[in-house]
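Here is what each chain is made of, one letter per residue.
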Amino acid sequence: MSIQYEVEQLADSYGVADSFPKDFGYGEEEADIEDSPAPSDSKPRILLMGLRRSGKSSIQKVVFHKMSPNETLFLESTNKIYKDDISSSSFVNFQIWDFPGQVDFFDPTFDYEMIFRGTGALIFVIDAQDDYVEALGRLHLTVSRAYRVNPEINFEVFIHKVDGLSDDHKIETQRDIHQRANDDLADASLEKLHLSFYLTSIYDHSIFEAFSKVVQKLIPQLPTLENLLNIFISNSGIEKAFLFDVVSKIYIATDSSPVDMQSYELCCDMIDVVIDVSCIYGLREDGSGSAYDKESMAIIKLNNTTVLYLKEVTKFLALVCILREESFERKGLIDYNFHCFRKAIHEVFEVGVSTQRPAGSLAVGSPCTKAVALNGTPRNTV
Ligand SMILES: Nc1nc2c(ncn2[C@@H]2O[C@H](COP(=O)(O)OP(=O)(O)OP(=O)(O)O)[C@@H](O)[C@H]2O)c(=O)[nH]1
C-alpha cells in the first residue's frame, strides 16, 4: 500500500537520535538465582517461564528492547534470572523476570512462594515448533504451584514460534494444547485455574498484541480508559483508537470495537515512521531535544481514504486513531475532543499517583475515586 504522509511536527520539537536510544533507558538488572526476591514494595512482576530455548529472552528483548527478531538467533542461554525494570511510563510500570529454562525453581532452597506472592501475571512460553509434551508437564507443575500460593495471578500461555506453522496447523496446535492443559487441570481438581492462550511469534505483531492483552489485565483503570476512548471516538467520527505506550508499542487500552490485527499493525508502523522521521529530521542544530514530546503529532493519509492520526497524550503515551477522510474534515472538532480526552487521561494519572494500588496490579493507581470521566469527558461541541 502506498503511503502519502505528512508529518506535522515542528522541527524544533524533534530530538537527537540518541535521546530515543535503542534500549530506551529501561533498567535491567541481573540477579543470581539464589538472590532473595525483591522487597514487598517492589514493582509488580510479570514472570516469563518455559522450557529452555522456548523463546523467553527473545520475547523480552524484542518487545522491550527493540532487538530485531533476527538478532535473537545469537542470544545466549539465560542462566540467571533477568529482572527487567519496565518503567517507560507510569502506565507501564512493572518488572519482567526472565527465568532460565533449565533451572529447577522448585528446588527447596529457592523461595518460590516469595516470587509468586508479588506476581501479577505468569507467562508460560511453549515452543510450538517442538514436541510440547514435556512443556505441558512443566506448565501444569508451574501453574498449579503458583495458583496455590497466589490464586490472583493471571496465567497466560504463549504458544510461541507459530511463524513456522501453517494456518491449519496453528489452529490444531492451539486446540490440542488447550485441551491437554485443561484436562491436566481438571484431573488435579483445579478447574478454577483459568489459562489464557495466545498464538505468538516475534516475527510479526502477534507478540506485541499478546503482551498488550497481558498488560491490560493488570491495569486497574482499564474500564475508565476504555470508557474515555469510547466517548472520544463516538463524538469525533473516529473508527478505531488505540492508546499506545510509544516505546514498547504495547497498547494500554482501545475502544470497545473489536481489534483487527491489520489496524493494530498499521498503528504500530505509524509510530515507527513518526519516531524514525523525528530522529532523522528533528535534530536541533546543537543536537538537543527529544524525539517524542508535547508537540509530537502526525497525520498519514493512505490511498484508500483512510487517515491515521497520532497525537501525544503523555510523555510515554500516544493516541493513534484510524478514521475516514470525510470525518477528518472536522479536524477542529477532533482536536478539541482530543484536548478534553488528554486532560482526562492526565487526571487519571494524577489520581493514580496519589492512591494505593492493589497488590499485583500495575503501579497506575486504583480505580478512580475522582470524577475523572465527568470532569474530563470529551464533548462534541458542534
Ligand atoms: N521461528 C522463531 N524462532 C524464535 C521465536 N522466538 C525465539 N526464537 C528463537 O528461539 C531460540 C531461543 O530463544 P531464547 O530467547 O534464547 O530462548 P529462552 O527461552 O530464553 O532460552 P533459555 O535462556 O535457554 O531458557 C533463538 O534462536 C530465537 O531466535 C519465534 O517467534 N519464532
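Reading the values: the criteria
- Residues numbered from 1 in each chain as written.
- Predicted model: local features only at pLDDT ≥ 70, side-chain atom pairs only at ≥ 80, totals over all residues.
- Heavy atoms only, no water.
- UniProt positions renumbered as here; feature names shortened; annotations may be inferred.
- Near = heavy atom within 4 Å.
- Polar contact = N/O pair within 3.5 Å; in protein donor to acceptor, adjacent residues only side chain to side chain.
- Areas by Shrake-Rupley, 256 points an atom, 1.4 Å probe, with all protein chains shown as cover.
- Helix = DSSP H or I, 4+ residues; strand = E, 2+ residues; numbered from the N terminus.
- Nonpolar A, V, L, I, M, F, W, Y, C, P; charged D, E, K, R; others polar.
- Buried < 20%, exposed > 50% of the residue type's maximum accessible area, 1.4 Å probe, protein only.
- Pairing = 2+ DSSP bridges.
- Salt bridge = Lys/Arg side-chain N within 4 Å of Asp/Glu carboxyl O.
- Patch = residues over 30% accessible without salt bridge, like charges linked within 9 Å, V, L, I, M, F, W, Y side chains within 5 Å.
- Expected span 1.5 Å × (residues − 1).
- Contact = heavy atoms within 4.5 Å.
- Core = buried A, V, L, I, M, F, W, Y, C linked by side-chain atoms within 4.5 Å.

As recorded by an unreviewed UniProt entry, the chain carries the name Ras-related GTP-binding protein and is attributed to Scomber scombrus. Taken from UniProt, the Sequence similarities (unreviewed entry) comment for the chain reads in full: "Belongs to the GTR/RAG GTP-binding protein family." In the Function (unreviewed entry) part of its UniProt record, the chain is described as follows: "Guanine nucleotide-binding protein that plays a crucial role in the cellular response to amino acid availability through regulation of the mTORC1 signaling cascade."

Engineer: Outline the site of the ligand, listing residues and values.
Structural biologist: The environment of the ligand is made up of 20 residues, and the closest members are Lys56, Ser58, Ser77, Thr78 and Asp163. In this structure, Ser77 approaches the ligand through a side-chain N or O atom, which is 2.5 Å from an oxygen atom. Here an oxygen atom of the ligand and a side-chain polar atom of Lys161 are 3.0 Å apart. For the ligand, whose unbound accessible area comes to 660 Å², protein coverage reaches 93%. Ranked by residues supplied to the shell around the ligand, first place goes to helix α1 (residues 56–65) with three residues. Taken together, the residues of the shell around the ligand sort by class into four nonpolar, eleven polar and five charged.

Engineer: Quick rundown of the pairing of strand β13 (residues 317–324)? Include the residues and the values.
Structural biologist: In the case of a regular strand, side chains alternate between the two sheet surfaces. By the criterion of burial, β13 is predominantly enclosed, with seven of the eight residues buried. Direction of pairing for strand β9 (residues 240–245) relative to β13: antiparallel, over a ladder of six bridges. Counterpart to Leu243 in the pairing with β13 is Leu319. One ladder, built from seven bridges, connects strand β12 (residues 306–312) with β13; its direction is antiparallel. Note that in β13 the partner of Val307 across the bridge is Leu323. Linking two consecutive strands that pair antiparallel, namely β12 and β13, is a turn of four residues.

Engineer: Provide a residue-level description of the pairing of β12, including the pertinent values.
Structural biologist: Of all the seven residues making up β12, seven are buried; the element is thus mostly covered by neighbouring parts of the structure. Side chains Thr306, Leu308, Leu310 and Glu312 of β12 all project onto a buried face; the interleaved residues Val307, Tyr309 and Lys311 project onto the opposite face, where all are buried too. By the bridge criterion, five bridges tie strand β11 (residues 297–302) to β12 in an arrangement that is antiparallel. Bridged to Ile300 within β12 is Leu308. Following β11, the chain reverses through three residues before pairing antiparallel with β12; Thr305 in that reversal takes a positive phi of roughly 65°.

Engineer: Tell me what's going on with the pattern of salt bridges, and back it up with residues and numbers.
Structural biologist: Opposite charge on two side chains permits them to pair, given that their charged atoms come into close proximity. Considering all chains together, one arrives at 13 salt bridges under this definition. With its nearest N and O atoms 3.3 Å apart, the salt bridge here joins Arg180 to Asp176. Separated by four residues within a single helix, Arg180 and Asp176 lie in helix α4 (residues 167–187), roughly one turn from each other. A relative accessible area of 36% means that Arg180 is categorised as partly exposed. We note a salt bridge from Asp335 to Lys331, for which the minimum N-O separation is 3.0 Å. Of the two residues, Asp335 and Lys331 both sit in helix α9 (residues 331–354), four residues apart, roughly one turn of that helix.

Engineer: Tell me about a nonpolar patch on the surface, and name the residues and values.
Structural biologist: Nonpolar side chains collect at one region of the surface, where Leu73, Phe74 and Tyr203 lie side by side and expose about 400 Å² of accessible area between them. For Tyr203, the location among the structural elements is in the loop between β8 (195–200) and α5 (206–216).

Engineer: Tell me about helix α3 (residues 133–149), residues and numbers included.
Structural biologist: Note: α-helices contain 3.6 residues per turn, so residues at a spacing of three or four share the same orientation. Taking 1.5 Å as the rise per residue, α3 with 17 residues should run 24 Å; its terminal C-alpha atoms sit 25 Å apart, in good agreement. Along α3, the residues classified as buried are Ala135, Leu136, Leu139, His140, Thr142, Val143, Ser144, Ala146 and Tyr147. Residues of α3 that are buried make contact with β3 (45–50), α2 (112–117), β6 (119–127), β7 (154–160), α4 and β8.

Engineer: Just give me the short version of the nonpolar core, but keep the residues and values in it.
Structural biologist: Counting 73 residues, the largest nonpolar core has Ile46, Phe211, Leu319 and Phe341 as the members making the most contacts within it. Residue contributions to this core peak at eight residues, all from helix α7 (residues 261–281). By size, the runner-up hydrophobic cluster in this structure holds 34 residues, among which are Leu47, Met49, Trp97 and Leu122.

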